[in-house]
Amino acid sequence: MKNKVIKVMKKITEHYITDESHYLNRRSFIKKSARFGIGLAAFNAFSSSAEGVHGGDLSDKTILTNYGKDLTPHSFKEITNYNNFYEFGTGKRDPAKNAHTLKPKPWHVKVSGECAKQGDYDLEDFIAPYQLEERTYRFRCVEAWSMVIPWVGVPLASVLKTFKPTSKAKYVVFKTLMDKEQMPGQKRATLNWPYIEALTIAEAMNPLSFLAVGLYGKTLPNQNGAPLRLVVPWKYGFKNIKSIVSIHFQETMPINTWQDQAASEYGFYANVNPEVDHPRWSQARERVIGKGSFFSPKKRKTELFNGYGDEVAHLYTGLDLVKNF
Ligand SMILES: Nc1nc2c(c(=O)[nH]1)N[C@H]1C(S)=C(S)[C@@H](COP(=O)(O)O)O[C@H]1N2
Ligand SMILES: [Mo]
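None of the values given here were measured: they were computed from a predicted structure.

S.K.: Can you break down the overall build of the chain residue by residue, with the values?
M.R.: Each helix and strand counted, the chain has nine helices and 13 strands in total. For the chain, the proportion of its 325 residues judged to be buried stands at 53%. Nonlocal contacts in the chain, meaning residues at least 24 apart in sequence, comprise 72% of its contacts between residues at least 6 apart. As presented, the chain carries roughly 14,700 Å² of accessible surface, and 53% of it is formed by carbon and sulfur atoms.

As structure tokens, this is what we get:
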């Protein structure tokens, strides 16, 4: 089955890729994917329906903000049918098809480590104190595709401050649910489960950092990381960890899941940067999902920090962004 898929992919690749370096990158991508059984998904762009599990209306409780007011969001259908969520399979359509087994309610978040207010919180209580905001952010996956997504959620900083991190809290580590019944993809060792991501405390406290509980005015569909996921729009998509059950403050830099998988390819920072290529994807340009045609997809130039440099560049003064990719 896998071999068959790869053959088809090669054919598509030849039509799809005009640029030679892209073509070579794709080929090595395909080879590597065959070895690791990951990633071919970038080609499954042509979704039809599958609304996915989509919950309650949040619009009454949500204020609009100016974040992204000049951006045009992708459609709900695009945002919920072209996903990366390996706990439900490695294809872009798999999460929409499979994530119905996730039970986002009730949901608990454990807060631990270097903070005064450790505890086990019911998600309702965890989010209730904060004003929900709608923020439209650009979203950029390291696979060189992008979307625009209207999130609903709360600033991460507001939430983290209430737990009173100590002076030793230099990093915030997030974990996804570990449950093979709810997340059947965890039965296979595709990644080292549970999925882990982290930010420096300064990154986490940046006003752009966001904890999303919804999109398009409704609670998050399971495939987008229900009921709680991280949104850090200046970083590659893999930093945006889904279905969070644990927030842990610590002094040392952790190894995030994709770094653990391939440290030469995925770093800790993962800031969007057109000048630092991934071994398999040139980052100079990005394919805008759903725009243009199959043979001539719409592309745009990648922006440093995904266009959010005014807000976040100061976090990295003096840091070599080539070494610290
Ligand atoms: N737990 C978990 N979180 C995850 C992933 C995953 O496989 N598991 N994939 C990441 C990647 S690579 C991307 S691009 C985004 C995709 O988010 P979206 O499907 O909502 O667009 O989720 C990120 N968060
Ligand atoms: Mo991604």
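S.K.: Just give me the short version of the site of ligand 1, but keep the residues and values in it.
M.R.: In the neighbourhood of ligand 1, 16 residues make up the surrounding shell, with Asn83, Tyr86, Glu87, Asn240 and Lys242 lying closest. Within the side chain of Asn224, an N or O atom sits 3.1 Å from an oxygen atom of ligand 1. Taking Asn240, its main chain carries an N or O atom lying 2.9 Å from a nitrogen atom of ligand 1. Burial of ligand 1 by the protein amounts to 98% of the accessible area it has alone, namely 530 Å².

S.K.: How would you summarise the pairing of strand 2 (residues 108-113) if you had to cite specific residues and measurements?
M.R.: Put simply, side chains in a regular strand alternate between the two faces of the sheet. Relative to strand 3 (residues 119-122), strand 2 runs antiparallel, the two sharing four bridges. Within the sheet, the bridge partner assigned to Val111 lies in strand 3 and is Gly119. Two successive antiparallel strands, strand 2 and strand 3, enclose a turn made up of five residues. Sheet topology note: the strand 2/strand 11 (residues 244-250) ladder contains four bridges and is parallel. Bridge assignment links Gly113 to a residue of strand 11, and that residue is Phe249.

S.K.: How would you explain the sheet that holds strand 3 if you had to name every residue and give the values?
M.R.: Ordered in space as 3-2-11-6-7, the five strands form an open sheet in which the pairing is mixed. Each edge of the open sheet carries a strand with a single partner, namely strand 3 and strand 7 (196-200). Averaged over all pairs of adjacent strands, the angle between their axes in this sheet comes to 20°, without regard to strand direction.

S.K.: Give me the lowdown on the side chain of Arg138, citing residues and values where you can.
M.R.: Inspection of the secondary structure assignment puts Arg138 in strand 4 (residues 132-141). Judged by its relative accessible area of 9%, Arg138 is buried. Polar contacts involving the side chain of Arg138 include one to the side chain of Asn306, which spans 2.9 Å. Non-local contacts of Arg138, meaning those with residues more than four positions away in its chain, are made with Leu71, Met147, Val148, Pro233, Glu286, Arg300, Glu303, Asn306, Gly307 and Tyr308.

S.K.: Hey, could you go over the pattern of salt bridges for me, with residue numbers and the actual values?
M.R.: The final tally for this structure, using the stated rule, is 13 salt bridges. The partner of Lys69 in a salt bridge is Asp70, with the nearest N and O atoms 3.8 Å apart. Note that Lys235 is salt-bridged to Glu203, the shortest N-O span being 2.7 Å. One end of the pair, Lys235, is in the loop between strand 10 (229-231) and strand 11; the other, Glu203, is in helix 7 (residues 201-205), with 32 residues separating them in the sequence. For Glu203, a relative accessible area of 1% puts it in the buried group.

S.K.: I'd like a rundown of the packing of aromatic side chains, residues and numbers included.
M.R.: All chains considered together, the criterion is met by 18 aromatic pairs. When the ring of Phe268 is compared with that of Tyr269, the centres are 5.3 Å apart and the planes differ by 85°; the resulting orientation is edge-to-face. Look at Tyr269 and you get buried, because its relative accessible area is 11%. With centroids separated by 6.1 Å and ring planes inclined at 90°, the aromatic side chains of Tyr269 and Tyr316 adopt a geometry described as edge-to-face. Remark: Tyr316 occurs in the segment after helix 9 (309-312) and Tyr269 occurs in the loop between helix 8 (257-261) and strand 12 (285-292); sequence separation between them is 47 residues. Since its relative accessible area comes to 5%, Tyr316 is described here as buried.

S.K.: I'd love a proper account of the side chain of Glu197, names of residues and values included.
M.R.: With respect to the helices and strands, the residue Glu197 is situated in strand 7. In contact with Glu197, not counting residues within four places along its chain, are Val172, Val173, Phe174, Phe238, Lys239, Ile241 and Asn256.

S.K.: Quick one: what's the story with the environment of Pro106, residue by residue and with numbers?
M.R.: As for its position among the elements, Pro106 is in the loop between helix 4 (94-98) and strand 2. In this structure Pro106 comes out as exposed when scored by relative accessible area, which is 63%. Once the C-alpha coordinates of Pro106 and Pro227 are considered, the two residues, 121 residues apart in sequence, prove to be 9.4 Å apart.

Reading the values: rules and limits
- Residues numbered from 1 in each chain as written.
- Chains lettered and ligands numbered in written order.
- Predicted model: local features only at pLDDT ≥ 70, side-chain atom pairs only at ≥ 80, totals over all residues.
- Heavy atoms only, no water.
- Helix = DSSP H or I, 4+ residues; strand = E, 2+ residues; numbered from the N terminus.
- Buried < 20%, exposed > 50% of the residue type's maximum accessible area, 1.4 Å probe, protein only.
- Contact = heavy atoms within 4.5 Å.
- Areas by Shrake-Rupley, 256 points an atom, 1.4 Å probe, with all protein chains shown as cover.
- Near = heavy atom within 4 Å.
- Polar contact = N/O pair within 3.5 Å; in protein donor to acceptor, adjacent residues only side chain to side chain.
- Pairing = 2+ DSSP bridges.
- Axes fitted to C-alpha atoms, helices over the stretch in contact; angles between N-to-C directions.
- Salt bridge = Lys/Arg side-chain N within 4 Å of Asp/Glu carboxyl O.
- Phe/Tyr/Trp six-rings, centres within 6.5 Å; stacked < 30°, edge-to-face > 60°.

Any functional reading would require information beyond the geometric quantities listed.
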